[in-house]
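So the chains spell out like this:
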Amino acid sequence: MLRHLSPGVQSLVSLVDKLRYSSLVLRQIEKLEARQLVLRAGFTPTDALHVLGRFERWDTKASRLGAELLAAQMALSPETLCEQVISGVSRRVTQELVSKVLSDEAAAPNWEREPSAAALLDRALGNVPGSDLACQLTLRQPVIAVGAPVKAYLPHSARQLHTELIIPPHAEVANAVGAVAGSVVQQLRVTVRPLDGDQHFRLHLPDRVCDFATLEESVTYAQQIIPTQLKALARQAGAEQIEIQTTRVDQNVPIAAGWGQCVYLGTELTFTAVGRPSPAQNT
């Protein structure tokens, strides 16, 4: 695999097209990443901020090039694409704020499996302007934001939740350390890959692999067993009052610009357990 990467930076799509067995290629790349022999790079929300001139700390030229490549595939201008990226991040931040409050006071929502709750949230955030139903959410506590790009994302979220936004002095030098300093965090990541030659899917768990007939069966099985394992790890690390959060990313790449078809490369599920340190751990 390193021989194919020796010419320089290459896209994952080109490697899959160049070599015969796509699932094998992906597994080999993951192993190389785990050993830090290769690095994967992609277009990020921070790149979108660079293109729009709202944050200029890194390589603006590289950000612009990435935006142009993606925008061409989507028949958009780079600026339109970047505005959509920033808007999407702001919506996600707002959703996470709502999820945090609900998980503290009732139960963590699963927006993907609760369409009515997701529909109400969309209407409360103004994402469905043509709806006959209007509702509003108000966060009673102010939002204190730290991190370099918060001025780009958080004002919109604060307006959606009708709350005060506080950005402390020197907020740009803060990072995720402050967010987790008072918490015990454990994380497990599993992947689902399509098998060559049939419609089956292989779930790669930390200790074994399992094959399933459909993608959703693979995802459901992982969601059933990983949280239990993760809670056990968190308890061993001294956590209590443990909450599990799950994110799912389906990896699809377009076959060619304008064709409207995609190739499914796999699914990544990230399970995160966050708990408060038990009193014994703090003494």
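Above this text you will find the structure in question.
Residues numbered from 1 in each chain as written. Predicted model: local features only at pLDDT ≥ 70, side-chain atom pairs only at ≥ 80, totals over all residues. Heavy atoms only, no water.

Caption draft 1: Structural context of a nonpolar patch on the surface. A surface patch of nonpolar side chains, about 250 Å² in accessible area, is lined by Ile144, Val146 and Ile166. In this fold, Val146 is placed in the loop between strand E1 (143-144) and helix H8 (150-160). Taking the relative accessible area as the measure of exposure, Val146 reaches 44% and is therefore partly exposed. (Patch = residues over 30% accessible without salt bridge, like charges linked within 9 Å, V, L, I, M, F, W, Y side chains within 5 Å. Areas by Shrake-Rupley, 256 points an atom, 1.4 Å probe, with all protein chains shown as cover. Salt bridge = Lys/Arg side-chain N within 4 Å of Asp/Glu carboxyl O. Helix = DSSP H or I, 4+ residues; strand = E, 2+ residues; numbered from the N terminus. Buried < 20%, exposed > 50% of the residue type's maximum accessible area, 1.4 Å probe, protein only.)

Caption draft 2: Structural view of unusual backbone geometry. Despite not being glycine, Ala75 shows a phi value in the positive range, around 55 degrees. The residue Ala75 is located in the loop between helix H5 (60-73) and helix H6 (78-105) in this model. Residue classification places Ala75 among the exposed residues on the basis of a relative accessible area of 71%. Non-glycine residue His162 carries a positive phi angle of around 50 degrees. One can find His162 in the loop between H8 and strand E2 (165-166).

Caption draft 3: Expanded view of H6. Its 28 residues give H6 an end-to-end C-alpha distance of 41 Å, which sits within 8% of 40 Å, the value for a rise of 1.5 Å per residue. Among all positions in H6, only Pro78, Leu81, Cys82, Ile86, Val89, Ser90, Thr94, Val98, Ser99 and Ser103 are buried. (Expected span 1.5 Å × (residues − 1).)

Caption draft 4: Molecular detail of the pairing of strand E7 (residues 262-277). Pairing geometry for strand E3 (residues 184-194) and E7, over nine bridges, is antiparallel. Within E7, the position partnered with Thr191 by the bridge is Glu268. As judged from the 14 bridges shared by strand E6 (residues 239-254) and E7, these two strands associate in the antiparallel manner. Across the sheet, the residue bridging to Val253 is Val263, located in E7. (Pairing = 2+ DSSP bridges.)

Caption draft 5: Examining H5 more closely. In this model, H5 (14 residues) spans 20 Å end to end at C-alpha, consistent with the 20 Å of a helix rising 1.5 Å per residue. Next to the buried residues of H5 lie helix H4 (45-51) and H6. A distance of 3.1 Å separates the backbone nitrogen of Lys61 from a side-chain oxygen at the start of H5, and that oxygen is part of Asp59. One or two residues past the end of H5 sits Ala75, with phi positive at roughly 55 degrees. (Contact = heavy atoms within 4.5 Å. Polar contact = N/O pair within 3.5 Å; in protein donor to acceptor, adjacent residues only side chain to side chain.)

Caption draft 6: Fine view of the environment of Leu81. Along the chain, Leu81 turns up in helix H6. Look at Leu81 and you get buried, because its relative accessible area is 6%. Sequence spacing of Leu81 and Leu70 is eleven residues, and the spatial spacing of their C-alpha atoms is 8.0 Å. If near-sequence neighbours (up to four positions away) are discounted, Leu81 is found in contact with Ala67, Leu70, Ala71, Met74 and Leu76.

Caption draft 7: The arrangement of the side chain of Ser90 in detail. For Ser90, the position within the fold is in helix H6. Look at Ser90 and you get buried, because its relative accessible area is 3%. One polar contact links the side chain of Ser90 to the main-chain carbonyl oxygen of Tyr153, over a distance of 3.3 Å. Non-local contacts of Ser90, meaning those with residues more than four positions away in its chain, are made with Ala152, Tyr153, His156, Ser157 and Gln160.

These values are about where atoms sit, not about what they do.
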